[in-house]
Amino acid sequence: MTLFLQNLLNGFSAGSLYALLAVGIVLVYKSSEVLNFGHGAFAMLSTFVAYHAAVVWGFGLLASFAIALAFAFVLGAVIYRVLLDRAREGGEHAVVMVTIGLLLVFEGTSGAIWGTDTKAFHHLFDELRVIELPGGVFLTHHDAWIIATALTMVVTLALFFRFTRVGIALRAVSQNEVAAQLMGVRVARVQSLIWGIATVLGAIAGILTAPKQGLEPAMMFSPLLKAFAAAVLGGVNSVAGAIIGGWLLGVIEVFAGAYIDPAWQASIAFLIIVLVLTVRPEGLLGKPEVKKV
Amino acid sequence: MNNDELKREYREDLTLFEGPWSRGLALFFVVALIVYSQFFAGNYVVFVMISIVLFVIAAVGLNLLVGYTGQISLGHAAFMAIGAYTHVILYSKGAPLLVTVPAGALMAAILGFVVGIPALRLKGPYLAIATLGFQVATDQILGRWDSLTGGRMGLGVPGPEIGSYSLAEPRTYFLLCFAVCLLVLVGAYNLTRSRIGRAFVAIRDNETAAEAMGVGLTTYKTMAFAISAFVTGLAGALFAHLSDRINPSTFNLFLSIEMLVMVLVGGLASILGSVLGATFLIMLQQGFAGASEYQWIIVGTILIAVLLFEPMGMRGRWLRMKYYFKAWPF
């Protein structure tokens, strides 16, 4: 029983990271119908900015994080406004390929600036310190931070979308661009705002990943693939689905590793992608897209 | 309007080459490449030429799917891997090369057909994720199935031989690859002008309308995946002999992306475009062999620039130049 709870908690912690990334992917997809393969690279670049600010420029950790998140916001918003908004005219393939092009450019850039070796970036929390919870379950300080951050972001986002004027505009755009525009919403501006928010979420996930995995240009690639699986599992057009999908994927992964075979833990995500897309392409909570002739 | 733009006979519509010049030009290129590779080029240059020829084949295969049928695939390196592994496993067991290379391609085609089935329900970004999943899954399976594939260590590749005639010399191996490449080019070009090719294009332009006109989506979409995988698997099987060992990491996601870049930069739905795109990208990689970070920056930038400013790719440029000079004084 203790082992079960421990696995559940570990899965929940891994899943929180996937959920943070997946929410970014889903927000972007809902608002502008772009599946952003560069999402992980955006996050990686922002994490490198935090590293640069803290280690090279010598800012305090919190100030470095603030700089990185501001950078992430501007990066996301500007990239959408300058590149993706134009690319959308070229159709679905063009959009996917532009985001892949961004992935290549960003990974190359960070490799050229900071080198391709893995750098340690330990910050706010002590990875080795362990908290004992009732029931004999252990939680590392790091995992506690991840879970707490993810929960905070989820609640904040939910409130933001529910109650603020901008949040309502965002939902309007994701439902129907033309109608939103007719109601006086500046669609392009709202979309770049969403891109900014999504990139900030990615940057947070990146900063949380860094202490465990270290910094290198491809650091966010595998988490991004997992986040895609999470988004597909929950439904690519459902924010709640992405969060639940992330947690579910994390738990399934850890359980598969613990009870079936650790070697296959990494492959579970892709099995899930294939299964979900074959059986229920719209995901657990997504709405099926209806094609009109 | 120029008289020779008007086709008067059915035979003119069937011909491979339009106008008196293109036939001569094509013949000149074929002869020049063979002569150059046999008598003038050093081993390294021949090696690069083989890579170009093989990636032309792979890019043509991918273009049949992406450019003509309008289905995206991030998993084509996996088809290359399947072609290569099938070929090497059978060939190591002593089957003749002329059987195992097509067998590799056939195996890739079968898996292409299987991947094509879920693709019937998926569009655009979903298909991209599904094929990405296929790519990663193939990598994992090849890396884990130690008894058959040698796991992460990979398999040793025996030197190519047809009968007792060795092709281990790059010069002679180039001839084989080049011959296959020409076959694929002619075959693909003819395919795109056939009933099947027109069905592909119809699906790309409007699925619903195509279905209403009697194009069976199930048949033609899975067929597109199978044919595309067959051609790419063929390139993969021949590609195996470029190094002493094959292992799963050779055929990673970035290879898939590179092939897509070849197709897009060369020009969608164009055989000539794939030739240009593959040649361009391989040359670029050889130029930046030591500095892979800069290579990625340049490839990514070119990809984005082409998508935003010249969606027809290099072929579009070429056509525009051609028409400019055709109508020159005006």
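A quick note: this is a predicted structure, and the numbers were derived from the prediction, not measured.

*Asks:* Explain the overall build of chain A to me, please; I cannot follow it from the model alone.
*Replies:* Along the backbone of chain A there are 11 helices and two strands. Shown N-terminal to C-terminal, the secondary structure of chain A runs as helices and strands in the order α-α-α-α-β-β-α-α-α-α-α-α-α. On C-alpha atoms alone, chain A measures out to a radius of gyration of 19 Å, which is about the 19 Å that the 2.2 N^0.38 rule sets for 293 residues. Principal-axis analysis of the C-alpha atoms places the extent of chain A at approximately 55 × 50 × 35 Å. Put simply, chain A has 293 residues, and 57% of those count as buried. Long-range pairs, those at least 24 residues apart, make up 73% of the contacts in chain A with a sequence separation of at least 6. Surface exposure of chain A reaches about 12500 Å², of which carbon and sulfur atoms provide 68%. Charge separation in chain A, taken as the distance between the mean sites of 17 positive and 16 negative side-chain charges, equals 13 Å.

*Asks:* Help me out: how do you make sense of the nonpolar core in this one?
*Replies:* What tends to happen in soluble globular proteins is that the nonpolar side chains get buried as a cluster. If you look at the biggest cluster of nonpolar residues, it comprises 201 residues, and the most contacted ones within it are L84 of chain A together with F55 of chain B. The element that contributes the greatest number of residues to this core is helix 3 (residues 43–68) of chain B, accounting for 18 residues. Core analysis: the second largest hydrophobic core is formed by five residues, L9, L139, A144 and I147 of chain A among them.

*Asks:* Looking at this structure, how should I read the interface of chain B and chain A?
*Replies:* Interfaces are frequently sized by the accessible area removed from exposure as the parts join. Each side of the interface is counted separately: chain B has 38 residues, and chain A has 42 residues. A buried area of about 3700 Å², summed over both sides, lies between chain B and chain A, and 78% of it is on carbon and sulfur atoms. Among the residues of chain B in contact with chain A, Y126, I129 and L308 of chain B are the three that bury the most area, contributing 18% of the side total. For the pair chain B and chain A, the interface holds zero salt bridges. In this assembly, chain B and chain A are joined by one residue pair in polar contact (both at pLDDT 80 or more). Contributing elements (two or more residues each) for the side of chain B that touches chain A: helix 6 (124–144), helix 10 (207–212), helix 12 (253–266) and helix 14 (292–309) of chain B. Per-element accounting of the side of chain B that touches chain A gives the leading share, 12 residues, to helix 14 of chain B. Residues that form the side of chain B that touches chain A fall into these classes: 25 nonpolar, eight polar and five charged.

*Asks:* Is there a simple way to think about the packing of helix 5 (residues 97–119) of chain B against helix 11 (residues 217–239) of chain B in this case?
*Replies:* Each packed pair of helices is defined by two parameters, the angle between the axes and the distance between the axes. Residues and elements named next belong to chain B. The geometry of helix 5 relative to helix 11 is characterised by a closest axis approach of 6 Å and an angle of 145° between their N-to-C directions. Judged by the twist between their axes, the crossing of helix 5 over helix 11 is right-handed. Within the contact between the two elements, helix 5 uses V101, P102, A105, L106, A108, A109, G112, F113, V115, G116, I117 and A119 and helix 11 uses K221, T222, F225, A226, A229, F230, G233, L234, A237 and L238. Counted by class, the contact of helix 5 with helix 11 contains 17 nonpolar, four polar and one charged residues.

*Asks:* I keep staring at the packing of aromatic side chains and nothing clicks. Help me out?
*Replies:* For any pair of aromatic rings, the description rests on two quantities: the centre-to-centre distance and the angle between the ring planes. Enumeration according to the criterion identifies 21 aromatic pairs over all chains in this entry. With a centroid separation of 5.1 Å and 50° between ring planes, the pair formed by F254 of chain B and W296 of chain B is classed as tilted. Linking F254 of chain B in helix 12 with W296 of chain B in helix 14, this pair joins segments that are 42 residues apart in sequence. A relative accessible area of 19% places F254 of chain B in the buried class. Counting every residue linked through ring pairs, the aromatic cluster contains F42, Y80, F106 and W195 of chain A. The residue whose ring lies beneath R162 of chain A is F163 of chain A, and the NZ or CZ to ring-centre distance is 5.6 Å.

*Asks:* Help me out: how do you make sense of the pattern of salt bridges in this one?
*Replies:* When the charged atoms of two side chains lie near each other, side chains of opposite charge can form a pair. Residues and elements named next belong to chain B. Considering all chains together, one arrives at 10 salt bridges over all chains under this definition. The closest approach of N and O atoms between R152 and D139, which form a salt bridge, is 3.1 Å. With R152 in the loop between helix 7 (146–149) and strand 1 (155–156) and D139 in helix 6, this residue pair connects regions lying 13 residues apart in the sequence. Judged by relative accessible area, R152 falls into the partly exposed class, the value being 46%. The residue E310 makes a salt bridge to R317 at a minimum N-O spacing of 2.8 Å. The exposure class assigned to E310 is buried, which follows from its relative accessible area of 9%.

*Asks:* Please clarify how unusual backbone geometry should be interpreted in this entry.
*Replies:* Where the residue is not glycine, phi is negative for most of them; where a peptide bond is considered, it is trans in most cases. For E33 of chain A, which is not glycine, the phi torsion reads 55° and is therefore positive. By secondary structure assignment, the location of E33 of chain A is in the loop between helix 1 (2–32) and helix 2 (39–56). Phi angles above zero are rare outside glycine, and A269 of chain B is one such case at about 55°. Tracing the backbone through its elements, the reader meets A269 of chain B in the loop between helix 12 and helix 13 (271–287).

*Asks:* Sorry if this is basic, but what is going on with helix 10 (residues 239–259) of chain A here?
*Replies:* An α-helical turn contains 3.6 residues, so a residue and the one three or four places further along point in the same direction. Under the 1.5 Å per step criterion, the end-to-end length of helix 10 of chain A is 30 Å for 21 residues, consistent within 8% with the ideal 30 Å. Backbone nitrogen of G241 of chain A and a side-chain oxygen of the N-cap are separated by 2.8 Å at the start of helix 10 of chain A; the cap is S238 of chain A.

*Asks:* Looking at this structure, how should I read the side chain of H93 of chain A?
*Replies:* Inspection of the secondary structure assignment puts H93 of chain A in helix 4 (residues 92–114). Those residues within four positions of H93 of chain A in sequence are excluded, and the remaining contacts are G70, Q71 and I72 of chain B.

*Asks:* Explain the packing of helix 5 (residues 141–163) of chain A against helix 6 (residues 165–175) of chain A to me, please; I cannot follow it from the model alone.
*Replies:* Residues and elements named next belong to chain A. Between helix 5 and helix 6, the least distance of the axes is 5 Å, while the angle of their chain directions is 85°. The orientation of helix 5 relative to helix 6 falls into the category roughly perpendicular. On the side of helix 5, the interface is formed by F160, F161, R162 and F163, while helix 6 contributes R165, V166, G167, I168, L170 and R171. Grouping the amino acids of the contact of helix 5 with helix 6 by side-chain chemistry returns six nonpolar, one polar and three charged.

About the criteria used
Residues numbered from 1 in each chain as written. Chains lettered and ligands numbered in written order. Predicted model: local features only at pLDDT ≥ 70, side-chain atom pairs only at ≥ 80, totals over all residues. Heavy atoms only, no water. Helix = DSSP H or I, 4+ residues; strand = E, 2+ residues; numbered from the N terminus. Rg over C-alpha atoms; globule rule 2.2 N^0.38 Å. Buried < 20%, exposed > 50% of the residue type's maximum accessible area, 1.4 Å probe, protein only. Contact = heavy atoms within 4.5 Å. Areas by Shrake-Rupley, 256 points an atom, 1.4 Å probe, with all protein chains shown as cover. Lys, Arg positive; Asp, Glu negative; His and termini not counted. Charge placed at Lys NZ, Arg CZ, Asp CG, Glu CD. Core = buried A, V, L, I, M, F, W, Y, C linked by side-chain atoms within 4.5 Å. Buried area = accessible area lost by both parts, 1.4 Å probe. Salt bridge = Lys/Arg side-chain N within 4 Å of Asp/Glu carboxyl O. Polar contact = N/O pair within 3.5 Å; in protein donor to acceptor, adjacent residues only side chain to side chain. Nonpolar A, V, L, I, M, F, W, Y, C, P; charged D, E, K, R; others polar. Axes fitted to C-alpha atoms, helices over the stretch in contact; angles between N-to-C directions. Left-handed = near helix turned anticlockwise from the far one by under 90°. Phe/Tyr/Trp six-rings, centres within 6.5 Å; stacked < 30°, edge-to-face > 60°. Lys NZ or Arg CZ within 6 Å of the ring centre and 35° of its normal. Expected span 1.5 Å × (residues − 1). Parallel < 35°, antiparallel > 145°, perpendicular 65-115°, else oblique.

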